[in-house]
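Survey of secondary and tertiary structure
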Amino acid sequence: MGYFAENGSLAIPRLEPLFAAPYGSVTIFFIIFGASLGGTIASLISAGQLHRVEEPRESATGLNTNKWFVWGIAVLTAAIILSAAGYIWILSAAYGNGSDQESRIGYTMKNVQRIPGDTPDKVGNSMVEIYATEPLEVPADPIAAAVMAPVAAARNQTLIYGAGGDDQRNLDALVEESITLLGDSPAIVVVSAEEPAYALPAAYTAAYFRAPVVPVENGSIPQSLQNLLENGEEKVIFVASPERLLSDEFLEELETFGDVNRVADENIYRHSLLWARSRWGNFGWGMDENLHFDAYYNFILANPETPEFAAAALPMAYQGNYGPLLYTEKEDLNDYVDQYLWRLSPDYFSFPSDGPFMNARVVGNPDSVSYNAQARADLALEVREFKNQVAGASGLALLGWSWFFIGFFGAIWALFIMPKRLPYSSFYPRIYWPMAILVFGPLGILAFLMTYHERPVMSMGKMAKFMRPPWAKALSATIMSTGIGMGLMIAFMYLFQFSGLPLLRTFEFTSVYWLGAPMTTIMWLVMVVPAIIVSSLFYMGPMMADMREMKYWEGVKKAFPVVILSMVSASLGMFITAWYVMNWRGWMSGEDLWLWITPLWISASAGLLVALIPNYFMVKAGWKEGEM
Amino acid sequence: MIKPLYTLFAVAALAVIFISGYVLLWEPQGEPLDISTAQNENLLELTGSTARLSAEDHIQTATVYSQTIYAAAQDKDRPGAVVLVRDDDPATAIATTRLQHMPVNAPMLFVTGNGTVLPEETRKELERLGPEGVMMDNNVQVYIVGDIDRSVVDEVEKLKLKTRTIRASNPIEFTEVLDEYIAVLESDHRQIVFVASIDALEYAYPAASWNAHMGDGFAYVTPDGVPEETRRILEKRWPYYPYIYVFAPSSVVDNETMAELSQYGHVQRIPGSTPQEMAVRWAGYKDSGHMTSWLVGYKSRSVGWGYAEPGHNLLLANPEDWRTVVPSGVLSHMGKHGFLILTEPGGELPDAARSYLQVIKPEPTYPSQQVFNFAWVLGRDINNETVRELDELLRVSSPSTRNNNSLTGMENETDNSAGMVVI
């Protein structure tokens, strides 16, 4: 899928920023997504077919308030985390609403400007003002402009579209003039005189490379071209029209004169991209997203339904910050073009001012190309840090999402598989294991297997106990508190990021100013303190009360120190990792951006590893169970 | 026991409800721009390698810069916040550009009438931008900075925007107040500190432009020496020491003051005897080396644009009106990330800029590898002849002199695009 997206044969509407990540990471993401989904389904189906000799008895008695508390808090936490993750996708696909733009004075944007001119003729006038070179006037006919653009380029003139009363000028005479001047060019571009939208992307290339453009009417080879091809050396002929306009038979006829290539696509947007991407020897722009070597690309953006605008803008193919023509629909940037721009979007490695930079210029009035389509191109072409693409997905973000989806499908798997494969597991593990796998990803699945795989079961009173070596007991006990605990920490972090992290100016001008800093003290506090309180009151408290057959408040009292020890140690691992990657490695991200997942999920796993230490001792001291 | 399916259903349903809640919090969809493309053509002139950004007055000029950077056509092209400064207090505005940098991400707009009036243009731009809010500070949407009247704060809050005021009675005091705020925001005091003279602000324009791009420290000295506030700022870099860059020639900040500054850290003077020359030298300046720590988490310093090769962008401004120059920092902060070059007071290119632009002029290679330069022309005090000259200096030497029109190797090149049909 990544491959096809990369090669422009597949347009993924509106999620292009996701595919802007390096090809390798896109592929890894899809493989992992598919494998996790497939593995979950396969495992659950095969578990359903398990044949059991005896019906598993329900290992715990019915529901009570404590159990409802725990279930409720787990469901709520999971829902907050999944809504945070899901919103990133929704926002990327939906873009979010734009503002009223009536107070703007014009269309100039940081990466995309617009040529003044509401009609093609006015655009023609603007070209002279922009380039201030000697004008070459052509009639208001896109094909005539396409023919004359290479001529103007070779003479260092600016083509003015629709100027003068020269409308009746014979197209054949223009072609003759072009061939006389540019006859030495080893490449010749042949276009159909019908549907000029197909001819123009090729005309932009021809204009820059000074190759003659020869229009074909009624499917016959023009005389001037025939003369040139018969007399001169062998040429390479590029036919820029699809089969519908210039037939295969016509191409066969041409082949007697030289090497003929059809460079065309019926889809007009892909047609423009084909001409922007391709390069044959020293002909063609060669702006291929697979092979862009720190180059600075400029584009001209027009609507194929109004090819006159694209024709009027032809001087931009060879003057100033020149570049190829791309097409877009009116309302929104075309999906293929959007994808192309996001894939090309420049990355910086040290400083954003280092470049590369890209720029586009829109030609057409707001009925031809809307403000929103322009703004979309502007967003796609912004230079961004390689590791943190901000609006787009980076490779790092996709690796995080790969990790996340293993956990996501793993959690669903654990939710359904535990009652089937572990009939002796009790109510609580069936809640906290899926949650743990959701936040710890592959590490959670590994912990699950290490805790339950081939462990003998012993029945003690109403609870079944799994016999495990001490390290596995510690692991089980750690998951018991951190599964939901870490989920709570991520959920609270999200809620605070969503509503803005508190910042206290109380300690300004003192040496403990950092006590009010959002990224040090506050971030730690908002993650840990609410999570400890909620976990004690609604999770560990009721669970301990239930398991040890105590009153609710007794359970909370028992749970409190255990929760504090577990969560504080887990948060230390988590917080230090998060702080390091965010502050030193540049993985900082808003809660609505693709990179949000990566630092949090990686730090959660670091937290699990650190929390193992105190949990080992707590199990040893009998504060916690390690046999559930 | 609760069936797993019910649990899954409950989680999914709640998550969908939450997501719908976030979507409902979106601002209503506005009308996209629908004016003539030729409207204000003269204020937004284009040439091949430049674009002008100007307006009728300085208030609108600042909003044009903001409109250029933030299209506000979807969620991800809005700013984090907006910085409001007084239009009669250049020293505070220059010191403030560092706040525009990430994580705040803000354009700078003006308040008029000695800090008592929120002009109509500024208000409209605030509404258009609809800032996202600074995640690291309570989702603050507007910073009201310097000695601005409470009535302006009230007016902004009436627009349902969350504000943060950073107030001080004079610019020198302000630098310290802002430095403390940013220290809390970033959990650190910046090691790099730029120093300018409160009496010769035009030398500080290039530093202001860099600071919108990098957010380093900023402090003032006076003709009497180093003020108390600046001393405290420099001392706060403990346990390290500041790297101090002075944006003033020796005629403005004498060597005695330089020696005083050197008691606090490493001091360098940016070369250049006029503001124009200093801006050009700063574009080519790069000071690299040690900054913080020797072991864990060390950061090296890299101060100055330091460009001596093609492929960079610049802002060209006339230094006569600071209100055109200082808000342009947002153009260094995003988009083209241009450095600032100043014209002579009459609007011509200084010789120093001409010779520098020769250094960064791109040579033609091949379109797929070509490097380009680009410039924003700021305000109306730069005439068209200068823009033509600049355009000529920036652009790739004419491709018509190119001599690569051969198709050698063509047979070996294949295009892997699926749309290509080769006969």
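Residues numbered from 1 in each chain as written. Chains lettered and ligands numbered in written order. Predicted model: local features only at pLDDT ≥ 70, side-chain atom pairs only at ≥ 80, totals over all residues. Heavy atoms only, no water.

**Some words on the overall build of chain A**
For the record, the criterion: Working definition: helices are DSSP H or I runs of at least four residues, strands are E runs of at least two. Numbering for both runs from the N terminus. Every radius of gyration here is taken over C-alpha atoms, with the globule rule written as 2.2 Å times N^0.38, N being the number of residues. Exposed residues in this analysis have more than 50% of their type's maximum accessible area, buried residues have under 20%, and partly exposed residues fall in between, with area computed by a 1.4 Å probe over protein chains only. We call two residues contacting when some pair of their heavy atoms lies within 4.5 Å. Working definition of accessibility: Shrake-Rupley area with a 1.4 Å probe, residue cover restricted to the visible protein chains.
Of regular secondary structure, chain A possesses 21 helices and 14 strands. For chain A, the C-alpha radius of gyration of 33 Å lies well beyond 25 Å, the compact-globule estimate for 628 residues. Each principal axis of the C-alpha distribution contributes one length, and for chain A these read about 100 × 70 × 35 Å. Burial status across chain A gives 64% buried among its 628 residues. Considering only intrachain contacts with a sequence separation of at least 6, the fraction spanning at least 24 residues in chain A is 77%. Of the roughly 21200 Å² of accessible surface on chain A, 60% is carried by carbon and sulfur atoms.

**What about the layout of surface pockets?**
What counts, and what does not: Only protein atoms enter the 1 Å grid used here, on which a cavity is any set of points holding a 1.4 Å probe that cannot leave and a pocket is any open set flanked by protein within 12 Å on both sides along at least five of seven lines; residues with an atom within 4 Å of a point are listed as lining. Grid points are joined across faces, edges and corners, and a volume is the space filled by probe spheres set on the points. Any residue outside Ala, Val, Leu, Ile, Met, Phe, Trp, Tyr, Cys, Pro, Asp, Glu, Lys and Arg is labelled polar, Gly included; the first ten of those are nonpolar and the last four are charged.
Roughly 520 Å³ of internal volume is contained in the second largest pocket. Along the wall of the second largest pocket there are 27 residues; nearest its centre are Ala 78, Leu 82 and Phe 408 of chain A together with Leu 8 and Val 11 of chain B. Secondary-structure elements contributing two or more residues to the lining of the second largest pocket are helix H4 (65-94), helix H15 (395-421) and helix H16 (427-440) of chain A together with helix H1 (4-24) of chain B. Considering every element that reaches the lining of the second largest pocket, the biggest residue donor is H4 of chain A, with 8 residues. Classifying every residue of the lining of the second largest pocket gives 24 nonpolar, 2 polar and 1 charged.

**Remarks on H15 of chain A**
Residues and elements named next belong to chain A. Note the threshold: Expected span of a helix, by definition, is 1.5 Å for each gap between consecutive residues, and there is one gap fewer than residues. To get the bend at a residue, fit one axis to the 7 residues ending there and another to the 7 starting there, then take the angle between the axes.
With 27 residues, H15 extends 37 Å from end C-alpha to end C-alpha; this agrees with the ideal 39 Å at 1.5 Å per step. The sharpest bend along H15 reaches about 30° and sits at Leu 415, with the proline Pro 419 one to four residues further on. Of all 27 residues that make up H15, 20 are buried, and the element is covered over most of its length.

**Notes on the interface of chain A and chain B**
The accessible area lost on association of the parts is a frequent measure of interface size. Our working rule: What gets called buried area is simply the loss in accessible area from a 1.4 Å probe that two parts show on being joined, summed for both. Between Lys or Arg on one side and Asp or Glu on the other, a salt bridge is scored when a side-chain nitrogen of the former is within 4 Å of a carboxyl oxygen of the latter. Any N or O atom pair separated by 3.5 Å or less is treated as a polar contact, with the protein-specific requirement of one donor-capable and one acceptor-capable atom, and with residues adjacent in sequence counted only for side-chain atom pairs.
Opposite the 146 residues of chain A that make contact, chain B presents 131 residues. Here chain A packs against chain B, burying approximately 12100 Å² in sum over the two surfaces, 59% of which is carbon and sulfur. The three residues of chain A that bury the most area against chain B are Asn 97, Ile 105 and Lys 110 of chain A, which together make up 7% of that side's buried surface. The interface formed by chain A and chain B holds 0 salt bridges in total. Taken together, chain A and chain B are joined by 53 residue pairs in polar contact (both at pLDDT 80 or more). The class makeup of the residues in the side of chain A that touches chain B is 74 nonpolar, 46 polar and 26 charged.

**A few points about the environment of Ile 221 of chain A**
Residue and element names in this part refer to chain A. You can see Ile 221 is positioned in the loop between strand E5 (213-216) and helix H9 (223-231). In this structure the C-alpha to C-alpha distance between Ile 221 and Glu 308, which are 87 residues apart in sequence, comes to 25 Å. With residues near it in sequence (within four places) discarded, Ile 221 still touches Gln 226, Phe 250, Glu 253, Leu 254 and Phe 257.

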